[in-house]
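Residues per chain, in single letters:
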Number of protein chains: 2
Amino acid sequence: MPLVSEQAVTASDKTFFQLRKDIVEAVVLPGSKLSETELAQRYAVSRAIVREAINRLEACHLVERKANIGARVVALSPTRLVSLYQVRESLEGMAARLAATHMTDGEICDLNALLDSYLQTVQSGENYYQDAGDVDFHYRIILGSKNDHLIAMLIEGIYHLIRMYRVQLGMTGPRVSAAFDEHKSIVRAISNRDAELAEILMRRHILYTRNNLETKLLAQTA
Amino acid sequence: MPLVSEQAVTASDKTFFQLRKDIVEAVVLPGSKLSETELAQRYAVSRAIVREAINRLEACHLVERKANIGARVVALSPTRLVSLYQVRESLEGMAARLAATHMTDGEICDLNALLDSYLQTVQSGENYYQDAGDVDFHYRIILGSKNDHLIAMLIEGIYHLIRMYRVQLGMTGPRVSAAFDEHKSIVRAISNRDAELAEILMRRHILYTRNNLETKLLAQTA
DNA sequence: GCATTCAAAATTGTCGACAATTTGGGTTAT
DNA sequence: ATAACCCAAATTGTCGACAATTTTGAATGC
């Protein structure tokens, strides 16, 4: 029971979802060229379908396309990471602010329960929290903003790119439990309906995460 | 010499630009259905071209598409206006913050000159300032952020929708000179390299603008 | 040996036709 | 009169073929 459900009704949808998944999970590597004919064979659909899928991937900044030349999966770089996370900080900060006033008591209660349920796995040093728990936490706050534009830009937009960086760089070590504590503080602010504080804490949280990833990316490059 | 130049290389580009222009300028009315065959005739291109153009318009939230049913130009409503302007406040606030540290002295100087050049037209009560001057001002700060993601999301993304609201609702009266003063304050903060203040002032400025438009939209509906 | 030129191959852009789905209207039964 | 059903018309989704552009690589000249 995923929190946000996209259902593929058309063949183009299926191909788009599959290709996006393959890019985010690095089955198709960053920087690699996306040949329309090759992908058409791989996914057993016509070129028109692949073209439409690539167009949609371009819209969410997962591929870059040049006219008459072709499309490439975006490359990962420290500069791009910073750009992306500045946008994320801005938008998710606003999401937390809005969530503090728009989430129902029930939704806040569920959010607290969610964190508690992950408490043990975090304490035991499992890095399981990262993948499932972290995106679940952020998604709930984004949806809690009740702002359709914001939700679309984050969930259908930049979040796949964010997950792409995460898959490439991993997310383990002491940062996991620190992030967990920050999540707790954010939920506390939302519980108190303190919109101002919720935004500030969310922005700080994302800035810390950015610094952590940037370090890893620089180490990986060097 | 436009500040941001999009050049149409392919037929799909041309049709996309033209259709976007027609939607923003209300040649094609909000809420109206976009028939693929009809548009193909109107712009003298094949249906495939129109489909691609519509897909791109969907990506920047100017049309909404349902599978097997079709695409409609988005409707304007107070709720949607608020959603849009909350996103705008968030992103342009960040843009102002980044511009305060990343704009060159020369760019800031040009920005001051731009405002001075419009001082007379504003004082004389011309509403000319709105269309050209206002977007010019905001574009310069967005570009001054030097953040590619932010620039793309604002200029290729939500700004056309923002202009659409503006065209529909007009932008005259006392708000114009007030906005001009706010612009001056923002530039002052950027000149002082005060990122924090630049962000706060930009967010306030956009909030005021939102309130002004919301009032007009509600009055128009009633 | 290296840069230039040119044609062939490969890739992307565009088109018209067919398939699948939705829409509209008329008929029928209750 | 209303609701359910069904068929025809219109609209969107998909496909394969052709056109335009870029890339490749071999031949040519210096």
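Source: prediction; values computed, not measured. (Residues numbered from 1 in each chain as written. Chains lettered and ligands numbered in written order. Predicted model: local features only at pLDDT ≥ 70, side-chain atom pairs only at ≥ 80, totals over all residues. Heavy atoms only, no water.)

Visitor: Is there a simple way to think about the pattern of salt bridges in this case?
Guide: All names here are of chain A. Enumeration over the complete set of coordinates arrives at 40 salt bridges over all chains. Across the pair Glu36 and Arg65 runs a salt bridge, and its minimum N-O distance is 3.1 Å. Taken together, the residues Glu36 in helix 2 (residues 36–43) and Arg65 in strand 2 (residues 63–66) connect sequence positions 29 residues apart. Judged by its relative accessible area of 17%, Glu36 falls in the buried class. (Salt bridge = Lys/Arg side-chain N within 4 Å of Asp/Glu carboxyl O. Helix = DSSP H or I, 4+ residues; strand = E, 2+ residues; numbered from the N terminus. Buried < 20%, exposed > 50% of the residue type's maximum accessible area, 1.4 Å probe, protein only.)

Visitor: Help me understand the sheet that holds strand 2 (residues 63–66) of chain B in this model?
Guide: To summarise the sheet geometry, strands pair through backbone hydrogen bonds and adopt either a parallel or an antiparallel arrangement. Residue and element names in this part refer to chain B. Pairing is antiparallel in the open sheet, where three strands are placed in the order 1-3-2. Each edge of the open sheet is held by one strand with a lone partner, namely strand 1 (33–34) and strand 2. Direction of pairing for strand 2 relative to strand 3 (residues 70–73): antiparallel, over a ladder of four bridges. Directly across from Arg65, in strand 3, lies its bridge partner Ala71. (Pairing = 2+ DSSP bridges.)

Visitor: Can you walk me through the protein's contact with DNA strand D in this structure?
Guide: The environment of DNA strand D is formed by 18 residues, the closest being Thr10 and Ala11 of chain A together with Lys33, Arg47 and Arg51 of chain B. Among atoms of DNA strand D positioned within 4 Å of the protein, sugar and phosphate together represent 73%. A distance of 2.5 Å is found between a phosphate oxygen of DNA strand D and a backbone nitrogen or oxygen belonging to Ala11 of chain A. Of all elements in the fold, only helix 1 (11–24) and helix 3 (47–59) of chain A together with strand 1 and helix 3 (47–59) of chain B reach the threshold of two or more residues within the surface near DNA strand D. In terms of residue class, the surface near DNA strand D is built from seven nonpolar, six polar and five charged. (Near = heavy atom within 4 Å. Polar contact = N/O pair within 3.5 Å; in protein donor to acceptor, adjacent residues only side chain to side chain. Nonpolar A, V, L, I, M, F, W, Y, C, P; charged D, E, K, R; others polar.)

Visitor: What is the right way to read the domain arrangement of chain A from this model?
Guide: Interface size is often expressed as the accessible area that is lost when the parts come together. Residues and elements named next belong to chain A. You can read the domains of chain A as domain 1 (11–73) and domain 2 (78–221). A straight line from the C-alpha centre of domain 1 to that of domain 2 covers 28 Å. Listed per partner, the contact involves 11 residues of domain 1 and nine residues of domain 2. Overall, the association of domain 1 and domain 2 removes approximately 870 Å² of surface from exposure, summing both partners, and the carbon and sulfur fraction of that is 63%. When residues of domain 1 are sorted by the area they lose upon contact with domain 2, Arg20, Val24 and Cys60 head the list and together hold 46% of the total. Taken together, the connections running from domain 1 to domain 2 amount to one salt bridge. The residue Glu64 makes a salt bridge to Arg80 at a minimum N-O spacing of 2.9 Å. Scanning the region where domain 1 abuts domain 2 turns up two residue pairs in polar contact (both at pLDDT 80 or more). Considered class by class, the residues forming the side of domain 1 that touches domain 2 number seven nonpolar, one polar and three charged. (Domains from an automatic or database assignment. Contact = heavy atoms within 4.5 Å. Buried area = accessible area lost by both parts, 1.4 Å probe.)

Visitor: Quick question: what am I supposed to make of the relation of the copies chain B and chain A here?
Guide: Relating one copy of the chain to the other takes a rotation about an axis and a shift parallel to that axis. Least-squares fitting of chain B to chain A yields an RMSD of 0.0 Å, with the transformation described by 0.0 Å of translation along the axis and a rotation of 180°. One copy is carried onto the other by what is essentially a two-fold rotation axis. Comparing contact sets, 100% of the residues at the interface of chain B also lie at the interface in chain A, consistent with an isologous, same-surface contact. (Least-squares fit on C-alpha atoms with pLDDT ≥ 70 in both.)

Visitor: What is the right way to read the interface of chain B and chain A from this model?
Guide: Counting from both sides, the interface comprises 29 residues of chain B and, opposite them, 29 residues of chain A. Contact between chain B and chain A buries roughly 2300 Å² in total, counting both sides, with carbon and sulfur atoms accounting for 61%. Contact with chain A buries area across many residues of chain B, yet Met94, His149 and Met153 of chain B alone supply 25% of it, more than any other trio. Of the charged contacts in the structure, one is a salt bridge between Glu199 of chain B and Arg203 of chain A, with a shortest N-O distance of 2.8 Å. Along the contact surface separating chain B from chain A lie seven residue pairs in polar contact (both at pLDDT 80 or more). Sort the elements by how many residues they give to the side of chain B that touches chain A and helix 4 (residues 78–102) of chain B lands first, with 11 residues. Here the side of chain B that touches chain A is composed, by residue class, of 13 nonpolar, eight polar and eight charged.

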